[in-house]
Each structure stands twice: as structure tokens, then as C-alpha cells.
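# A look at the structure
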Amino acid sequence: MSTAVVSPFRRPEFRNLLAISITVALGFGMLIPVLPRYAKAFGVTLAVTGLIQVVFGFTRFSFGLVGGLVVDRFGDRASTMTGLLVVALSSYAAGFSQNFPQLVAARGFGGAGSALFIAGLQNRILRIIEPEAMGRATGAFRSSFLVGIGVGPALGGFVAKQFGTSAPFHFYATGLLIATVIAYVVMAGNRHTVAPQQRRKPVEALRAARPLFSDRRYVTALLATLVGWWTISGPAQWVGPIFAEEELGFSEEQIGLAVTMLAIGEILILFVAGRAADRYGRRAVLVPSLAVAAVATAVLGQIGGAPWAYYPVMMAIGAGVASASTAAGGLLADSIPGGGSGAAVGVNQMAGDLGFLVAPIT
């Protein structure tokens, strides 16, 4: 593939989108250490608090295609702004919840908004970045979320300590309002830098996206996205911590450090993998990346005699999944027309959500 294409970082419109993603991820990260304790304050068990994430994830999955169709009908800017506002209202409602069912309903409502703004952002990226640079763009976009989520928990813990456990929800909601303003300004569009988007009714959008399911590049991207989130959700974040506690005798702090290693592995590889996917092709990155993730996942359950190996193995899983995601992003750009397709992007999001939801249950 050509390397003469302008780097995504040299495009102001792309950097502006990263500002939105970091703002959203920072607020989302603030809730990570607070949400379980906030839910338990309503008198439910720790196991029951997991219902919040299940409902949120299922709602986002259910609205994945809806979000894509909204993009096709009303534009990626409108979809992004609407989604951000929905999640903001959801977060305010969660912070004002008077009982556990209200909290579950508020967070579930936010899942719909999440599907909307993710579809909008991803479709806009497809329209402003050439396919030859999409590997780098995917790596940068994913890194922006990781940075926000990495910094957010510390900020959320501080806010909760100073103002109470409901405060991070209000801070998050306010941050989303700021992100909405940013989206309104930076996604206004420029006909010289943004490929024109054809507005379609839902039936027309679905009909236009249907041929993609005969395109091996698009189908491979869906499968890679599903496998990536399956691996992160199941072996790495669900089964892995239980194994570490029961078989390796890890403490909560050690398990937390291991999960951090997962994110570090992702961050360390993303930019290198993105460049490689653009320069050497998607297959050259996708195949070895999935192989590394598969081998590392298998090894994770065989390290009973060497507990220290848990940390580098988690890094390897994160690196394998993240590297594969850059190739999958490139495949999406290769297969989806230049004007974008909200429906196609929405289905891709659903593939990831499906893997994330089903893996722990499986």
C-alpha cells in the first residue's frame, strides 16, 4: 500500500475528533471505580450490580444498527451530537437515582446514546481519512479512548472522595455536554476535506449496505471485531481475574495491575501496528495478531507454576487484540464506499458488542 498518504495527525478535522473521544472516555473512566460502590449503596449484592453493565451492553448492541441508520438518514454530525446528549441525560439521571431499578434504567438508556455517537464518529473518520491511512487512524482513535479510560479512574476516585459517589456521574454528564459543543463546531464539515455523505432512508441504507456482506474484506473485519472484543471481555477481563484469584492467589491490587498491563500492551503496539497495516497490508498484520492473541489466551490458563508470567501474557493479549483492530479498521475502509455507510458501521459495532456480551456468559 502507498505510504505517501498524509498522516491522520496532520489533519485538523481528525485531531478534533480525537478531542471528542478523549473527553468521552475520560468521563467513562471516572465511573469505573465508582459504579459498583454506588450501586451497592442501594442494598444490592455485588453480583446483582453486574446487571447494570449487562443492560447497558445489551441496549447498545440492540441500537447498533439503529445508530447506523440514523447516521445514514440525518448525518454523522447529528448522530454524534444526539448520542452524546442522550448519554449526558442518562448520566445525570443515574446520579439522581433514588433506587437500584432507576439506576439500571438510566444506564441502559445511555447504551442507546453510546451506539449513536460511536456510529457517528466512526462514519466521519471513514469519510475524512483515505483507506491507505485507516490503519493509523484506527490505532490513534483507539489510543485516545485508552488514554481517557486510563486517566479517568483516578479522577473519578478523587471526585467521589471530595463530593460523594454520585458526583462523578454529574461530572461525566457535564463533560459530555462539552463534547457535544465540540462536535457541533468541529463536525460542521468542509467540502474540501470531508467526502460528501449521501442521505438515505432506512430501507435505502440497508439496500446499499447489503452488497458488503458479499465482500470478504467487510466480513473479515466483522469477525475480527467480534473475536477481539470476545477475547477482551471473556478470557482477559472476566475469566482471567477469577483464574488469577483462585489458581494463582492474586490480590485485588495484583489483578488490577494485570488488567492495566492489558491496556499497556494495547497502547504500545497500536501506532506500530497501524503503520504496518497501511504499509504492508491488512493480512500481514491481522493473521499474526490473531495468532498472538490466541496463543497468549491459551497460555494464560497454563501458568500455574509461574504466576509472574500472568503480566506479560496479559500484555501479549492486549497487543494482539489491538493490533488486529487496526487491520480490521483498514478492512472497513477498504470495503465501505468513500461517502461512508452508517448501516455498515453500525453492524460492525454490533459485532464487537456481541462478542463483549456473550463471552462472559459462555
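So, a few notes on the structure that sits alongside this text. (Residues numbered from 1 in each chain as written. Predicted model: local features only at pLDDT ≥ 70, side-chain atom pairs only at ≥ 80, totals over all residues. Heavy atoms only, no water.)

## Notes on the overall build of the protein
- Each helix and strand counted, the protein has 14 helices and 0 strands in total.
- When the helices and strands of the protein are read in sequence order from the N terminus, they spell out α-α-α-α-α-α-α-α-α-α-α-α-α-α.
- Its C-alpha atoms give the protein a radius of gyration of 20 Å, near enough to 21 Å, the size a compact globule of 362 residues would have.
- Oriented by its inertia axes, the alpha-carbon framework of the protein measures out at about 55 × 45 × 35 Å.
- In the protein, which comprises 362 residues, the share counted as buried stands at 52%.
- Summarising the internal contacts of the protein: among those between residues at least 6 apart in sequence, 87% fall at separations of at least 24.
- Per element, the accessible surface of the protein, about 16,200 Å² overall, is 67% carbon and sulfur.
- Charge separation in the protein, taken as the distance between the mean sites of 26 positive and 16 negative side-chain charges, equals 10 Å. (Helix = DSSP H or I, 4+ residues; strand = E, 2+ residues; numbered from the N terminus. Rg over C-alpha atoms; globule rule 2.2 N^0.38 Å. Buried < 20%, exposed > 50% of the residue type's maximum accessible area, 1.4 Å probe, protein only. Contact = heavy atoms within 4.5 Å. Areas by Shrake-Rupley, 256 points an atom, 1.4 Å probe, with all protein chains shown as cover. Lys, Arg positive; Asp, Glu negative; His and termini not counted. Charge placed at Lys NZ, Arg CZ, Asp CG, Glu CD.)

## Section: the pattern of salt bridges
- According to the stated counting rule, one finds 10 salt bridges in the structure shown.
- Between D353 and R60 there is a salt bridge; the shortest N-O distance is 2.7 Å. Taken as a pair, D353 in helix α14 (residues 342–361) and R60 in helix α3 (residues 46–62) lie far apart in primary sequence, 293 residues in all.
- On the accessibility criterion, D353 (4% relative accessible area) is buried.
- Ionic contacts of the salt-bridge type, sharing partners, join the residues R136, D278, R282 and D334 into one network. (Salt bridge = Lys/Arg side-chain N within 4 Å of Asp/Glu carboxyl O.)

## Details of the side chain of T231
- Looking at where T231 falls in the secondary structure, it is placed in helix α10 (residues 216–246).
- Taking the relative accessible area as the measure of exposure, T231 reaches 9% and is therefore buried.
- Separated by 2.8 Å, the side chain of T231 and the backbone oxygen of V227 make a polar contact.
- Discounting residues that sit within four places of it in the chain, T231 has contacts with A236, T297, I317 and V321. (Polar contact = N/O pair within 3.5 Å; in protein donor to acceptor, adjacent residues only side chain to side chain.)

## Brief notes about the nonpolar core
- Counting residues in hydrophobic clusters, the biggest one holds 66 residues, and the most contacted among them are F14, I20, V24, L84, I125 and I129.
- Top contributing element to this core by residue count: helix α6 (residues 100–128), with 10 residues.
- If you look at the next biggest cluster of nonpolar residues, it comprises 22 residues, including I232, M261, A296 and A306. (Core = buried A, V, L, I, M, F, W, Y, C linked by side-chain atoms within 4.5 Å.)

## Overview of a nonpolar patch on the surface
- On the surface, a cluster of nonpolar side chains totalling about 320 Å² of accessible area is made up of V181, Y184 and V185.
- When you line up the elements, V185 lands in helix α8 (residues 167–186).
- Take V185: its relative accessible area is 56%, and that puts it in the exposed class. (Patch = residues over 30% accessible without salt bridge, like charges linked within 9 Å, V, L, I, M, F, W, Y side chains within 5 Å.)

## Details of a negative patch on the surface
- The grouping of E245, E246, E247, E252 and E253 at the surface amounts to a negative patch.
- At the level of elements, α10 and α11 (252–280) are the ones that each hand at least two residues to the negative patch.
- For E252, the position within the fold is in helix α11.
- For E252, a relative accessible area of 72% translates into the label exposed.

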